[in-house]
Amino acid sequence: MKVWRGAGTFTRLAGTDRTIHFEAMPPHLAKGTTDLYEVVLFRRLRSAVAAGIISSVRPSGGSIYFLLGTVLHQLLSGAKHGERDLFLVNASFGPALEALKLFVQLQATNRIKVTALCQHSEYARGLTVLHRSIEAPDNLVTLDAARLGILPDCLPLAGPPNSLIFIDLFKQMHDDVAELIRRQFESDAVAEPGLMIAARVSFGHPIPVQNVLNDKNVLASVEDIIESCLSLGLHGSYLLLEDFDRSFFLPFDGRYALMVLCVFTEPTPLNAALGFRPLDAPLESAGRDLVVFQRKETDRNYDLWFDAEMPEVGLEDEPDWKQWADDRAWDPSNADWTGGAARYDVELFSYHTITGKNDVNARVRRILSLDESGSHASAFGHMMMARLLASSDPAASVYAVLKGIDLVDSEPGAVAFLLAFLRDGPASQPVEKPRLTEESEWDRAALTDVLRALRESGFGPVFLAAERLAKLGERAFGAESRRHKIFQELLDS
Amino acid sequence: MSDTKSELEVIQTAWPRSPLSERESRGNNGALIAIERNNAIEYRDETGALYHQYQLPMTEGYFHQFRHYFRYFGTRFHDLHPNQIKFKFLFHVLALVRKVAAVRKRVSILEIGVTLGENYLLLRDAIRSEGLEIDIDYVGIDNDGRVVALARELHAHDRNFWIVNGDGSDLGRFADNSFDLVVSNTVHNILTDHDKALGEAFRVARLAFFAILMTTLKEEPFVMRHAMYDIQTKVFTAKSLKRGLKARRAFWVYELSKFWSQAYVKDRTDGSDGSHLDAVDAPSIRWTGWIFAKEHLLPEMNLLESRVEPETLP
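Because the structure is a prediction, the values reported are computed rather than measured.

## Details of the packing of aromatic side chains
Reasoning step 1: Within the structure shown, the criterion is met by 19 aromatic pairs over all chains.
Reasoning step 2: Geometrically, the ring pair formed by Phe93 of chain A and Tyr123 of chain A is edge-to-face, given 5.3 Å between the ring centres and 90 degrees between the ring planes. Here Phe93 of chain A, found in the loop between β4 (84-91) and α3 (95-106), pairs with Tyr123 of chain A, found in helix α4 (residues 121-133); they are 30 residues apart in sequence, far enough to count as distant.
Reasoning step 3: The class for Phe93 of chain A is buried, based on a relative accessible area of 2%.
Reasoning step 4: Taking relative accessible area as the criterion, Tyr123 of chain A reaches 0% and is therefore assigned buried.
Reasoning step 5: Ring centres of Tyr138 of chain B and Phe161 of chain B lie 6.2 Å apart, and the angle between their planes is 10 degrees; this geometry places the pair in the stacked category.

## Re the pattern of salt bridges
Reasoning step 1: Throughout the structure, instances matching the rule amount to 23 salt bridges over all chains.
Reasoning step 2: Two residues, Arg206 of chain B and Asp180 of chain B, come together in a salt bridge whose shortest N-O distance is 2.5 Å. Within this pair, whereas Arg206 of chain B is found in strand β8 (residues 205-216), its partner Asp180 of chain B is found in strand β7 (residues 179-185), the two being separated by 26 residues in sequence. The pair formed by Arg206 of chain B and Asp180 of chain B is uniform in burial state, with each residue classed as buried.
Reasoning step 3: Among the ionic pairs, Glu200 of chain B bridges to Arg203 of chain B, the shortest N-O distance being 2.8 Å. Pair noted here: Glu200 of chain B and Arg203 of chain B are both in helix α8 (residues 194-204), with a separation of three residues, about one helical turn.
Reasoning step 4: Accessibility expressed as a relative area gives 12% for Glu200 of chain B, which makes it buried.
Reasoning step 5: The class for Arg203 of chain B is partly exposed, based on a relative accessible area of 22%.
Reasoning step 6: Put simply, Arg328 of chain A together with Arg106, Asp135 and Asp137 of chain B are held in one network by salt bridges that share partners.

## A look at the nonpolar core
Reasoning step 1: Of all hydrophobic cores here, the largest spans 114 residues; its most connected members are Leu86 of chain A together with Leu123 of chain B.
Reasoning step 2: Top contributing element to this core by residue count: helix α5 (residues 85-101) of chain B, with eleven residues.
Reasoning step 3: Leave out the neighbours within four places in its chain, and Leu86 of chain A touches Leu72, Leu76, Leu100, Ile112, Lys113, Val114, Thr115, Leu164 and Phe166 of chain A.
Reasoning step 4: Core analysis: the next-biggest nonpolar cluster, separate from the first, contains 32 residues, Leu117, Leu151, Phe203 and Ala257 of chain A among them.

Parameters and conventions
- Residues numbered from 1 in each chain as written.
- Chains lettered and ligands numbered in written order.
- Predicted model: local features only at pLDDT ≥ 70, side-chain atom pairs only at ≥ 80, totals over all residues.
- Heavy atoms only, no water.
- Phe/Tyr/Trp six-rings, centres within 6.5 Å; stacked < 30°, edge-to-face > 60°.
- Helix = DSSP H or I, 4+ residues; strand = E, 2+ residues; numbered from the N terminus.
- Buried < 20%, exposed > 50% of the residue type's maximum accessible area, 1.4 Å probe, protein only.
- Salt bridge = Lys/Arg side-chain N within 4 Å of Asp/Glu carboxyl O.
- Core = buried A, V, L, I, M, F, W, Y, C linked by side-chain atoms within 4.5 Å.
- Contact = heavy atoms within 4.5 Å.

In short, shape yes, function no, at least from these values alone.
Written out as structure tokens, the structure reads:
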């Protein structure tokens, strides 16, 4: 079945005068925006819990991530060790993570550290923003890292013993679920791992399907998955939600369900009230305690997917702005603005110049930046910045010098040129290259010269303590670099 | 398919523009057409009949606003590229914060057009990585209630971040000199009452109002229509900015390093109505940074009246 996708304009469709413009986005972003909305809703629930307005929530069955968060919480709170690591594979914006946080908030549990692996950089970035940058200080669920990790190559995952790995195949599917399970359990990358998978499955035989985001996949057979688990000697249980979110696919023939599978190397009980069945139990549709909510075509209100009313927790309240400003009022005219950081170096900005700007009709403009090449990130550019910020921002100027030296890899000729520029401005005379033959000597010589040049130029070490300088060196060179160690030695001596 | 006009809304084409446009006019040979509307994905056949539909649990605003948002969302200040407008904006806000840090341990900032508070997160990261000892009280204002609701929920636990729903042209809820710094990044070009907006921002600032604006080398300001959001964008001239700010003490203008090509502008404006394209001269448009400083900061910021009129602007 051919499907056309893409932004564009349809005109004279099928002989009519109808015109359709439509927009499209990359499918993974379409999936992600739904997940983002779930994150927002769970966060609103968490705010309500924190404010004491609600003390428990019950699902009406519409949100799969509510169920998955429940299961994750059960598995993690029953851990043998005090803390347990969780790997979220195929994470998007983290609705399962946010749901987990809700249950952690409702019912205290052990501290949980999460590593997320994402198929796309947008997800990694969004996860970091949502779950690391914006977070409550008392959060017991810590997002340790969000990085790219593409199935199946990112498996087997290595981690501490007893780690739990959750592979989310709800929206971004994978055709061979059994292979993912084999990859993890046939290696000893994690001792006694737990694996949880949410996947769309068929009954009897695999079925090729096409989803509304135009991905073509194959629904794995639930029998094949269970047989693969049993052949590996695994213990576990599964839950089937028949016909859950079937409209995600273009119409197809066959029996379909969403499967939530939990497998371990040794027996691990799950709350049977959720409807989980052991692997060796007869295949039947589970989920008797969860009513699958049939999404109505006219139902556009996501909030109806939860039983609890979505309370207003005072997020709409604004402070008294007059009082707010009075609490922070002060008289700038009494302040002493003459400190070292008070001067605002306008010369720095004058370097952002554009040639040919008087010619309004010119199609091309050459941008002169801090250096002739147009790059702010060059060594020359850094030295320029160091000169300009010398009086107003010693820390930034020292950082710029060190970064410039790092960029030229301590090459003696380049270092000499840069330090001459630092002292005297753009050099009009060629600089003599020092006689150093061993590369191993370059770093020490360069950094010795740098420190001397900074002192003689009257900034940097004059204003900054050795600890601060060491930190700047660590940032410029990298904590593990040889250059940083040599710099530290020179500062200590 | 009785009421075709209401069911098949005309939606502005947006990113990316596809060469399919040429083929489409000749019909689609029995294939399905996937149409993403505000909260659903529809598959229609060549007659326009609905074949399949997937309802998305989202309201219109989120879908349009955030589908690309995290593509560009920055989390660490030092990951930004120096050529990005966002970097330059934050670089100068950081410089102003450094100034305040020399005399105080706390700074209050109002950002007009704050969206999800990305600049707040980046600024906080920059301050932390630099080791500046200063706390930020950050207030944002945005005119889209759905954006404001989302941002509030995302920052629900942050006691130093506030966001209000309102038009940046009218800051009447804030008294004079309420915030140490008022900042905005390419927002005042799209506000409803431009002249009033600049004056309001300057009024509520205690130290300075810093804005990045789109300006032109042309004699007169002009308006262009944004392709995606039906927004009128006014491109200022230096003169028009001076007229708009009644209570100015001093300002200084410098150019940022980005410019638009004509092709880019064409893609971003509605080509179906070519009348306003004549007003657009892309090479004349630049992003410029403006610092409107209050009197007590003027001498120490080394702002000289002679810098007010750079040679490049009329």
